[in-house]
Amino acid sequence: MLEIKGLVCGYGKKTVLRDVGFGVKRGEFVGVIGPNGSGKTTLLRAINGFLPSTKGGVSIEGKGIYQMARRELAQKVAVVTQSPEGVPPLSVEEFILLGRIPHWGRLQLLETKQDVETAGRVMDLTGIGGLKGRRIKELSGGERQIVFIARALAQEPHLLLLDEPTAHLDIGHQVLIMDLLRELNREQALTIVVVLHDLTLAGLYCDRLILLHEGRLHKIGLPIDVLTAEVIEEVYRTAVTVMETPVGGRPVILPVSQKGV
Amino acid sequence: MGLDRRSFWLWWIFLLVVLLVAVSLFSLGVGAVHIPIKKVLQALTTGRGTSEYAILFAVRLPRILLGLAVGGGLAIAGVILQGMFRNPLVEPYTLGISGGAALGVTLSMVVGGSTGLGLFSLPVSGFLGAGGIMAVVYMLSARGGMIKLSLLLLIGVMISFITSSLIMLLMALTKVQDLHGIIFWIMGSLQEPNITLIKVILFISLGGLVAGVFFGVDLNALSLGEEEAFHLGVEVERLKKILFLLASFITGCCVSVTGIIGFVGLVIPHLMRLVVGGDHRILMITSYLAGAMFLILCDTLARVVLAPVELPVGVITGLVGGGLFIYVLNRRGASL
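Values in this document were obtained by computation on a predicted structure and should not be read as measured data. (Residues numbered from 1 in each chain as written. Chains lettered and ligands numbered in written order. Predicted model: local features only at pLDDT ≥ 70, side-chain atom pairs only at ≥ 80, totals over all residues. Heavy atoms only, no water.)

Let's talk about the overall build of chain B
Now for step 1: Helix and strand counts for chain B stand at 13 helices and two strands.
Now for step 2: Since a compact globule built from 336 residues should have a radius of gyration of about 20 Å, the 20 Å found for chain B is in line with a globular shape.
Now for step 3: In terms of overall dimensions, chain B has C-alpha extents of about 60 × 60 × 35 Å along its principal axes.
Now for step 4: Looking at chain B residue by residue over its 336 residues, the buried ones come to 54%.
Now for step 5: Residue pairs in contact within chain B that sit at least 24 positions apart in sequence constitute 75% of those at least 6 positions apart.
Now for step 6: Of the roughly 14,400 Å² of accessible surface on chain B, a fraction of 75% belongs to carbon and sulfur atoms.
Now for step 7: The positive charge centre, built from 20 side chains, and the negative charge centre, built from 14, are 6 Å apart in chain B. (Helix = DSSP H or I, 4+ residues; strand = E, 2+ residues; numbered from the N terminus. Rg over C-alpha atoms; globule rule 2.2 N^0.38 Å. Buried < 20%, exposed > 50% of the residue type's maximum accessible area, 1.4 Å probe, protein only. Contact = heavy atoms within 4.5 Å. Areas by Shrake-Rupley, 256 points an atom, 1.4 Å probe, with all protein chains shown as cover. Lys, Arg positive; Asp, Glu negative; His and termini not counted. Charge placed at Lys NZ, Arg CZ, Asp CG, Glu CD.)

Quick word on the sheet that holds strand E3 (residues 29-33) of chain A
Residues and elements named next belong to chain A.
Now for step 1: Read across the open sheet, the six strands follow the order E6-E7-E8-E3-E9-E10; overall the sheet is mixed. For this open sheet the edge positions go to strand E6 (77-80) and strand E10 (216-221), each flanked by a neighbour on one side alone. Sheet twist, expressed as the average angle between the axes of neighbouring strands with direction ignored, equals 15°.
Now for step 2: The pairing of E3 with strand E8 (residues 191-195) spans four bridges and is classified as parallel. Note that in E8 the partner of Val32 across the bridge is Val195.
Now for step 3: Packed onto the sheet, helix H5 (residues 141-154) meets E6 and strand E7 (159-163) and runs at close to 170° relative to E6.
Now for step 4: Packing against the sheet, helix H6 (residues 171-187) makes contact with E3, E7 and E8, and its axis sits at approximately 140° to E3. (Pairing = 2+ DSSP bridges. Axes fitted to C-alpha atoms, helices over the stretch in contact; angles between N-to-C directions.)

Quick notes on the sheet that holds strand E5 (residues 63-64) of chain A
Residue and element names in this part refer to chain A.
Now for step 1: Here we have four strands laid out as an open sheet, ordered E2-E1-E4-E5, and antiparallel in their pairing. Looking along the sheet, the strands with just one partner apiece sit at the ends: strand E2 (14-24) and E5.
Now for step 2: As defined by bridge partners, strand E4 (residues 55-60) adjoins E5 across two bridges and the pair is classed as antiparallel. Bridging across to E5, Ser59 finds its partner in Gly64.
Now for step 3: Taken strand by strand, helix H1 (residues 40-47) contacts strand E1 (2-11), E2 and E4, and its axis lies near 115° from that of E1.

Below, the structure written as structure tokens:
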């Protein structure tokens, strides 16, 4: 599905990712974790070609991303970015319909009936049918995040990339979003790569975790293998206690104060 | 969007077209010689040869057509630029295009420029000035084939300052009788004797509208931000270049014929956004119609308020546009 080989990329002269390589299989739910500045967002940008790579390459469904036209790529990969730069004065439905653009013809001017149906379907799927006519600006942070995900789903992608979809949300909305992603992954066979800061949440939902450290792939594997106290202490430079969830035996990461509070 | 939204669009287009026609007929009727609406219609259809016919076709109709072309053109240039920069304070003149045109005209007047170009002299020098400044702004803000919008905006604003300083310098050095011409040109007027020129501008402006509506889809994507638009499959870098050139070209053409008519490109997109929402496809069409109507109305006021003295239309658009906008803002609350 997604194949990354020896990827080197960065901003201008500053190299952020150094020789990163891994593969993601169809239908997988993969989490990307790592400290601030370790290159998580950069990795997502490189996967979708927003940041050109200096070395190595990314291929999706066996085709290099630079061999595809932008539209073709946008039909396969949808991205939910972190804190989008302000929102346009549109209603929720208008906003979600923007996700249909990659499927439009060059000179297409209006939505087709099928586009409207798809938008309706993803709104039902994400449980926001009731918000249809509301303006994006009027929505709460949690509702907005779901609307952003719905717009990405309207692209009908094969691969969904998300950058910290649970940031700034309360615990209820965090679970709501992650459950939604898990459901989409299981029932729609959608491949998901998600950047997460909350290690416990990452361990709870992801099939596999990719731990980035200073732009390199530090560890990749099952949550139980990646989220060990030694690995986290080494990469995040802070002491933690790792426990297990009562159900399912997933790792729970508890912070430990450095000052002995 | 279901049917309800599409009929909402059609309803607004219909309403604005009706209003535009009404305003045009009204404008045809008033002036030094008052012609009642009934006679206007009569003269337009069957009155060939009468004195009314001559006034309407030789004097008033060309002005209305020019008002339509320039008012609509400036309004869609405003929609394009505000959409591209995602900044409601940007207008067609922000990027220095008007300054360039004014500089070109001033230069040609000061140097005594009617160098065999005849009636085209001022428009041509205005257009050359606008085009030259466009090229300078573009080259200064394109780095390695990429345009950084924040840089483009800053450079545009700075170039505007430089050109206005240069204009003042030229004015300080010029003769008094030329000064009057320069000032009047800068204040803007729809008086244009050359019918061919009016036809050309009308053609460009309508072409701009068609192109603008098609780019409305891309502008909608761009309204989410450059990165988001990229993820939606839009070729963002190419799009920015095309939009910059399109808006600049329309503005340059308008300015070089009529002089600097302010406020249409700033206020009309705002007002229409309050009415029809943020979808650039409908915003483009309604802004064109409203801009045309607004300018024709302002020009009519400019002709009749202190008749026989004709006021500069730029003064009226500023007064009416600014006042109207503040009024609407206060009524709607600060819900931009």
